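Residue-level structure breakdown
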Amino acid sequence: MESDPKFPPIFDANPWVDLRQYDQSWFDRGRPGWYILLWWFIQSIAFPLSLHNAHGFRCWLLRRFGAAIGKGVIIRPTARFTYPWKVTIGDYSWIGDDVVFYSLDSIEIGSQCVISQECYLCTGSHDFQNISFNLIVNPIKIGNGVWVATDCFIAPGVQIGANAVIGARSSVFSDIPAAQVAWGTPCRPHYPRTMN
């Protein structure tokens with residue numbers, strides 16, 4: 001058979017995974033399916049249709065679904081929470097527009113933190129060296145006083161120490177020490193954070 005020039009042979013090798021073998025039956029979402037669907041339905045309507053400054057309402061709604069939300073927390077209407085019962089946000093923290101909490105495992109945000117717009121906090125991945133592409137979940141923990149600037153990716157299992165700053169569009173795949181200014185892909189500390 002003649003090869004198609006639009007699809008060269010380097011793309012035509014046999015796949016090393018068999019997604020038919022994928023099994024996440026061991027994974028505990030923390031609530032029954034009907035409850036999860038109810039949350040997704042309510043979030044999809046109540047969050048984007050709530051007034052811009054209705055932070056108290058959104059915090060109240062998240063608490064009703066099991067999130068641990070501190071006082072004075074600001075959550076923008078386009079933020080998304082997969083499983084709110086696996087999320088903790090400390091006092092006076094801000095969650096920006098289009099932030100995604102992909103909370104297959106726990107996500108803990110300290111107090112006085114800023115998670116800027118379009119950040120993606122991801123607690124789930126896959127074992128790409130396993131034929132069945134197994135699900136892997138690991139928690140994320142962000143200490144007090146951290147600023148994660150716009151459009152950052154925080155990988156499963158990452159811990160960011162208190163008062164660190166993560167520069168815009170960084171991809172954080174490993175732990176960041178406290179009070180460091182870090183950026184890049186992969187994100188690395190560059191110098192200590194100091195205050196005036």
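Up top is the structure.
Quick summary incoming for the structure in this document. Every value quoted in this text rests on a predicted model; they were computed, and no experiment measured them.

**Brief notes about the overall build of the chain**
A count of helical and extended segments in the chain gives 2 helices and 19 strands. When its C-alpha atoms are laid out on the principal axes, the chain stretches across 65 × 45 × 30 Å. The proportion of buried residues among the 196 residues of the chain is 40%. In the chain, once contacts between residues fewer than 6 apart in sequence are set aside, the share between residues at least 24 apart is 29%. Carbon and sulfur atoms make up 58% of the accessible area of the chain, which amounts to about 11200 Å² in all. The centroid of the 15 positive side-chain charges in the chain is displaced by 12 Å from the centroid of its 15 negative side-chain charges.

**Focus: helix H2 (residues 55-64)**
Buried within H2 we find His-55, Arg-58, Cys-59, Leu-61 and Leu-62. Looking straight down H2, one finds its buried side chains confined to an arc of 160 degrees; they lie on one side. Considering only its buried residues, H2 is in contact with helix H1 (33-49), strand S1 (68-69), strand S2 (74-75) and strand S3 (80-81). Directly beyond the C-terminal end of H2, a positive phi value near 100 degrees is found at Gly-66.

**Concerning the packing of H1 against H2**
Running from N to C, H1 and H2 cross one another at 175 degrees; their axes reach a closest spacing of 11 Å. Judged by the angle between their axes, H1 and H2 are roughly antiparallel. Across the interface between the two elements, Tyr-35, Trp-39, Ile-42, Ala-46 and Phe-47 from H1 touch Phe-57, Arg-58, Leu-61, Leu-62 and Arg-64 from H2. In terms of residue class, the contact of H1 with H2 is made up of 8 nonpolar, no polar and 2 charged.

**With respect to the pattern of salt bridges**
Counted according to the given criterion, the structure contains 4 salt bridges. As a salt-bridge pair, Asp-18 and Arg-20 come within 2.8 Å of each other at their nearest N and O atoms. What makes Arg-20 exposed here is its relative accessible area of 76%. Put simply, Lys-141 and Glu-108 hold a salt bridge, and the shortest N to O gap is 3.8 Å. Linking Lys-141 in strand S12 (residues 140-142) with Glu-108 in strand S7 (residues 107-109), this pair joins segments that are 33 residues apart in sequence. Take Lys-141: its relative accessible area is 43%, and that puts it in the partly exposed class.

**Details of the state of the cysteines**
Scanning the model with the defined rule gives 0 disulfides in all. The closest cysteine sulfur to the non-disulfide-bonded Cys-113 is located on Cys-119, 12 Å from its own sulfur. Take Cys-122: it sits in no disulfide, and the sulfur closest to it among the cysteines is that of Cys-119, at 13 Å.

**Description of the packing of aromatic side chains**
Scanning all chains against the criterion turns up 15 aromatic pairs. Considering the side-chain rings of Trp-39 and Phe-65, the 5.0 Å spacing of their centres and the 50 degrees angle between planes classify their relative orientation as tilted. Taken as a pair, Trp-39 in helix H1 and Phe-65 in the loop between H2 and S1 lie far apart in primary sequence, 26 residues in all. In this pair, the class of Trp-39 matches that of Phe-65, namely buried. Ring centres of Trp-40 and Tyr-83 lie 6.3 Å apart, and the angle between their planes is 15 degrees; on these two criteria the pair is classed as stacked. Of this pair, Trp-40 sits in helix H1 while Tyr-83 sits in the loop between S3 and strand S4 (87-89), placing them 43 residues apart in sequence. On the basis of relative accessible area, Tyr-83 is assigned to the buried category, the value being 4%. Taken together, the aromatic side chains of Trp-34, Tyr-35, Trp-39, Trp-40, Phe-47, Phe-65, Phe-81, Tyr-83, Trp-85 and Phe-101 make up a single cluster linked through ring pairs.

**A look at the sheet that holds S7**
Strand order in this open sheet of 5 strands is S1-S4-S7-S12-S15, and the pairing throughout is parallel. Edge positions in the sheet fall to S1 and strand S15 (159-160), since each has one partner strand and no second. With 2 bridges connecting them, S1 and S4 associate as parallel partners. Its bridge partner being in S4, Ile-69 is matched across the sheet by Ile-89.

Conventions adopted
- Residues numbered from 1 in each chain as written.
- Predicted model: local features only at pLDDT ≥ 70, side-chain atom pairs only at ≥ 80, totals over all residues.
- Heavy atoms only, no water.
- Helix = DSSP H or I, 4+ residues; strand = E, 2+ residues; numbered from the N terminus.
- Buried < 20%, exposed > 50% of the residue type's maximum accessible area, 1.4 Å probe, protein only.
- Contact = heavy atoms within 4.5 Å.
- Areas by Shrake-Rupley, 256 points an atom, 1.4 Å probe, with all protein chains shown as cover.
- Lys, Arg positive; Asp, Glu negative; His and termini not counted.
- Charge placed at Lys NZ, Arg CZ, Asp CG, Glu CD.
- Arc of directions from axis to C-beta.
- Axes fitted to C-alpha atoms, helices over the stretch in contact; angles between N-to-C directions.
- Parallel < 35°, antiparallel > 145°, perpendicular 65-115°, else oblique.
- Nonpolar A, V, L, I, M, F, W, Y, C, P; charged D, E, K, R; others polar.
- Salt bridge = Lys/Arg side-chain N within 4 Å of Asp/Glu carboxyl O.
- Disulfide = S-S within 2.5 Å.
- Phe/Tyr/Trp six-rings, centres within 6.5 Å; stacked < 30°, edge-to-face > 60°.
- Pairing = 2+ DSSP bridges.

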